[in-house]
Every structure is written in structure tokens, then in C-alpha cells.
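Architecture at a glance
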Amino acid sequence: MKFYEDNRCLLRYGTAKKLIRANEYLLNLGFKLKVWDAYRPLSVQKIMWEFVKDEDFIAPPWRGSIHNRGAAVDLTLVDLKGNDLEMPSDFDDFSERAKINYNCCSIESIKNRELLAEAMIKNGFRRIKSEWWHFNDEEFEKYDIL
Ligand SMILES: [Zn+2]
């Protein structure tokens, strides 16, 4: 589903610098990051909430999410040609398969999910239990909702 007018990826400056370092770490291993979602205006949060209405997967607009602060990213791994690497689920698959401890999938997809997490955590991000693709800047509390 498409929620944005254009495909610019916006983040806080500090968060963007961490993301660049994570990408450089992966480039050395022959991979790179593909970003699906970053800063998310509250107007988009409201639309997404209408679709999902499950706090395990999306923050209600009245509370706001770390995406609304410009300090969270949803992303995956691709090879240097831009081909998606196998992961345990698709993006925004709101099921068990999205959880970071889900292991009823191929070894390859677990390896890829953990490599993504390693690159992000080493460079200043924290993962959440419910979505393998979502990472918060560990310093997100510095930033208010925009
Ligand atoms: Zn997210």
C-alpha cells in the first residue's frame, strides 16, 4: 500500500548518520539497506492506524510512534544489485512471522534477519520484538514528535 506523495526518506540528522554507518558496515559484506519507511507524518499515522488498529504493530495516532519523531526506520537487506534477500516474512506482515524470535522459516531467512539486526545494533539502533524490519534510534527520546 502506498501512503506517500513522493518517495523521499526523511530522518533526524543523527539517526541518518547512524543509518549511513550501518549501510557502510553491510557494503563491506556485499549487501546494502533498502528503506521502506522512515519519518512518518501524523497524518499518515492516522491512515495506517485505520487499516491495522493493533497496538502490537502500530502506535495509535494519539500516542504517536517513533516514526513520527523521525527516529525509526523500517528496512530490509538487498544485494549490491538491489535484489531483496530472503526474510522470514514480507514487510508489514502482521503475523507471527514478523516477530524477531520466529524460527519456523528457512535458515537463510533467519541468517539474513540477524545480519540486518547486527548491522543496525552495532550502529546505534535497537530492535523491537514484534517486527524484524523496524529499528529505533537508541537516542529517540531526544526527539519530539514532529
Ligand atoms: Zn516501523
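Refer to the preceding data block for the structure.
Notes on the structure follow.

Conventions we followed
- Residues numbered from 1 in each chain as written.
- Predicted model: local features only at pLDDT ≥ 70, side-chain atom pairs only at ≥ 80, totals over all residues.
- Heavy atoms only, no water.
- 1 Å grid on protein atoms, 1.4 Å probe; cavity = no way out; pocket = protein on both sides within 12 Å on 5 of 7 lines; lining within 4 Å.
- Points joined across faces, edges and corners; volume = space filled by probe spheres on them.
- Helix = DSSP H or I, 4+ residues; strand = E, 2+ residues; numbered from the N terminus.
- Nonpolar A, V, L, I, M, F, W, Y, C, P; charged D, E, K, R; others polar.
- Patch = residues over 30% accessible without salt bridge, like charges linked within 9 Å, V, L, I, M, F, W, Y side chains within 5 Å.
- Areas by Shrake-Rupley, 256 points an atom, 1.4 Å probe, with all protein chains shown as cover.
- Salt bridge = Lys/Arg side-chain N within 4 Å of Asp/Glu carboxyl O.
- Buried < 20%, exposed > 50% of the residue type's maximum accessible area, 1.4 Å probe, protein only.

For the largest pocket, the calculated volume is near 380 Å³. Breaking the lining of the largest pocket down by element, the ones donating at least two residues are helix 2 (42-52) and strand 4 (134-137). In terms of residue count, helix 2 provides more of the lining of the largest pocket than any other element does, 3 residues in total. Partitioned by chemical class, the residues of the lining of the largest pocket number 10 nonpolar, 7 polar and 7 charged. Volume-wise, the second largest pocket comes out at about 320 Å³. If you trace the second largest pocket, you find it lined by M1, K2, F3, Y4, W36, D37, M48, F51, V52, F91, D92 and F94. At the level of secondary structure, the elements contributing two or more residues to the lining of the second largest pocket comprise strand 1 (31-37) and helix 2.

A cluster of nonpolar side chains, M1, I47 and F51, forms an exposed patch at the surface whose accessible area comes to about 370 Å². In this fold, F51 is placed in helix 2. You can call F51 exposed: its relative accessible area is 56%.

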